Amino acid sequence: MQSPGKSLKEALLCAQSEDRLTVGVYESAKIMTDDPDSVSFCVLAIDEDFECDIALQIHFTLIQSFCFDNDISIVRVSDMQRLAEIVGDKAEQLEDAHCVLITNPADGSWEDPALEKLHVFCEESRRLNDWVPEISLPER
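Residues numbered from 1 in each chain as written. Predicted model: local features only at pLDDT ≥ 70, side-chain atom pairs only at ≥ 80, totals over all residues. Heavy atoms only, no water.

## As for the side chain of Asp112
This is how it is decided: Strands are runs of DSSP state E lasting at least 2 residues, helices are runs of H or I lasting at least 4, and numbering of each runs from the N terminus. Partly exposed describes any residue whose relative accessible area lies between the buried limit of under 20% and the exposed limit of over 50%, with all areas from a 1.4 Å probe on protein chains only and scaled to the type maximum. Asp and Glu count as negative and Lys and Arg as positive, but His and the ends of the chain are not part of the count. We count a salt bridge whenever a side-chain nitrogen from Lys or Arg sits within 4 Å of a carboxyl oxygen from Asp or Glu. Throughout, a residue-residue contact means that at least one pair of heavy atoms, one from each residue, lies within 4.5 Å.
As for its placement among the helices and strands, Asp112 is situated in the loop between β4 (99–103) and α6 (113–127). Buried within the structure, Asp112 lacks any salt-bridge partner; Arg20 is the closest side chain of opposite charge, at an N-O distance of 4.8 Å. Dropping the residues within four chain positions of it, Asp112 is found in contact with Ala11 and Cys14.

## Here we look at the environment of Leu56
By the secondary structure assignment, Leu56 is in helix α3 (residues 54–69). The spatial distance from the C-alpha of Leu56 to the C-alpha of Ile46 is 9.1 Å, given a sequence separation of 10 residues. If near-sequence neighbours (up to four positions away) are discounted, Leu56 is found in contact with Val25, Ile46, Phe50 and His98.

## Examining the sheet that holds strand β2 (residues 39–45)
How we decide: Two strands form a pair only when DSSP identifies at least two bridges running between them. Where helices are involved, their axes are fitted lines through C-alpha atoms of the stretch in contact, as for all axes, and angles between N-to-C directions lie from 0 to 180°.
One open sheet accounts for five strands, arranged β1-β4-β2-β3-β5; its pairing is mixed. Both outer strands of the open sheet, β1 (21–23) and β5 (134–135), are each paired with one neighbouring strand and no more. Pairing analysis gives three bridges linking β1 to β4, with the strands arranged antiparallel. Pairing of Val23 across the sheet is with Val100, part of β4. Each of β1, β2 and β4 is contacted by helix α2 (residues 25–34), which is oriented at about 35° to β4, the strand it contacts most.

## Overview of the side chain of Thr103
Position of Thr103 among the secondary structure elements: in strand β4. Among the residues examined, Thr103 registers a relative accessible area of 12% and is labelled buried.

## Overview of the environment of Ala15
With respect to the secondary-structure elements, Ala15 resides in helix α1 (residues 4–17). According to the relative accessible area criterion, Ala15 is buried, its value standing at 0%. Considered as a pair, Ala15 and Pro105 are 90 residues apart in the sequence and their alpha carbons are 9.0 Å apart. What Ala15 contacts, discounting residues up to four positions off in sequence, is Arg20, Leu21 and Ile102.

## A closer look at α2
Heads up, the rule is: When we speak of the arc, we mean the arc of directions from the helix axis to the C-beta atoms.
Residues of α2 that are buried: Val25, Ser28 and Met32. In a view along the axis of α2, the buried residues occupy a sector of 70°, so they form one face of it. Counted as exposed and oriented over 90 degrees from the buried face of α2: Tyr26, Lys30, Thr33 and Asp34. Packed against the buried residues of α2 are β1, β2, α3 and β4.

## Details of the pattern of salt bridges
Where charged atoms from two side chains of opposite charge approach closely, those side chains can pair. Under the definition given, this model contains four salt bridges. Residue Asp34 is joined to Lys30 by a salt bridge in which the shortest nitrogen-to-oxygen separation is 2.8 Å. Linking Asp34 with Lys30, this pair stays in helix α2, spanning four residues, or about one helical turn. Judged by relative accessible area, which is 54%, Asp34 ranks as exposed.

These results come straight from atomic positions and should not be treated as a statement about function.
The structure is reproduced here in structure tokens:
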């Protein structure tokens, strides 16, 4: 079985190519509020520069709670810069890659094996009481 980090990278790139990726805490919160059923997966990223950012930690707590309440799989990555490299194609996205959402396709006919592996990984982690597992993204 491939690593969760590689699966995450593949799922992010696939979602980005299909315009199903939302980058940014506020943009993600808006989608979760407006249409929570459209959200398939959530990635939270933190790095050392933001560990003491209380406002960001509060946002993370609220996003995590929302994901738990709406059965949205959620993971953490510790390398926000690497996540931004994968998903960022606009300068402002690189500044706010703390939260990334993968949404479902509008037609509902899509299936992504990498995303399915991530859902299984999250489910197995929850069985071990690891509610927000941390994934290491692969290097370039």
